[in-house]
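Descriptive analysis of the structure
So you can see what is in the structure, the chains are spelled out below.
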Amino acid sequence: QVQLVEPGGGLVAAGGSLRLSCAASSSIFSIAMGWYRQAPGKQRELVAHISSGGITNYADSMKGRFTISRDNAKNTVYLQMNSLKPEDTAVYYCASSRGDSVFYFVVSSWGQGTQVTVSS
């Protein structure tokens, strides 16, 4: 079972950028990874997925602004967030999948979550 730690997060002004990271306790070489977010009173929603081979998919609202990437040697996945909007304010969670599909993503482990607040 993979344990995930998210040291990122923070307060950012609208239009700014932030990079989140998620470190895994074991190898993520052969599995897909993802980012999700949850705003107060809202359901947790997909941000992006990335396969071990670099195939990605993004929620429509994230396309063009967010970039998911990974460094398998460091067992780490990243989320680069640009052009941030107040509506992006949420707790962001990284997740590991049981498989390596970005279209059939079955969560194996969740990170603890990190708060991202975008001021207007």
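Scope of this entry: the structure provided in the associated data block.

Some words on unusual backbone geometry
Of note, the phi angle at N75 is positive, near 50°, even though the residue is not glycine. With respect to the helices and strands, N75 occurs in the loop between strand 7 (66-71) and strand 8 (76-81). The exposure class assigned to N75 is buried, which follows from its relative accessible area of 18%.

Let's talk about the state of the cysteines
This model, assessed by the stated rule, comprises 1 disulfide. A disulfide bridge connects C22 with C94, and the sulfur atoms are separated by 2.0 Å. Taking the sign of the S-S torsion, 55° for the link of C22 and C94, the bridge is right-handed. With a gap of 72 residues between them, C22 in strand 3 (residues 18-24) and C94 in strand 9 (residues 90-97) connect regions that are remote in the sequence.

Quick word on the sheet that holds strand 1 (residues 4-5)
Across the sheet, which stays open at both edges, the 4 strands sit in the order 1-3-8-7 with antiparallel pairing between neighbours. Each of the sheet's edge strands pairs with one partner strand only, and the pair in question is strand 1 and strand 7. Note that strand 3 and strand 8 share 6 bridges and pair antiparallel. Pairing of L18 across the sheet is with M81, part of strand 8.

Here's the deal with the environment of S97
Note that S97 resides in strand 9. Residue S97 is classed as buried on the basis of its relative accessible area, which comes to 3%. In sequence terms S97 and I28 are 69 residues apart; their C-alpha atoms lie 9.3 Å from each other. Residues contacting S97, with those up to four places away along its chain left out, are I31, A32, F105, V106 and S108. A distance of 3.1 Å separates a polar side-chain atom of S97 from the backbone nitrogen of G99.

Rules used in this analysis
- Residues numbered from 1 in each chain as written.
- Predicted model: local features only at pLDDT ≥ 70, side-chain atom pairs only at ≥ 80, totals over all residues.
- Heavy atoms only, no water.
- Helix = DSSP H or I, 4+ residues; strand = E, 2+ residues; numbered from the N terminus.
- Buried < 20%, exposed > 50% of the residue type's maximum accessible area, 1.4 Å probe, protein only.
- Disulfide = S-S within 2.5 Å.
- Pairing = 2+ DSSP bridges.
- Contact = heavy atoms within 4.5 Å.
- Polar contact = N/O pair within 3.5 Å; in protein donor to acceptor, adjacent residues only side chain to side chain.

Just geometry here; none of it tells us what the structure is for.
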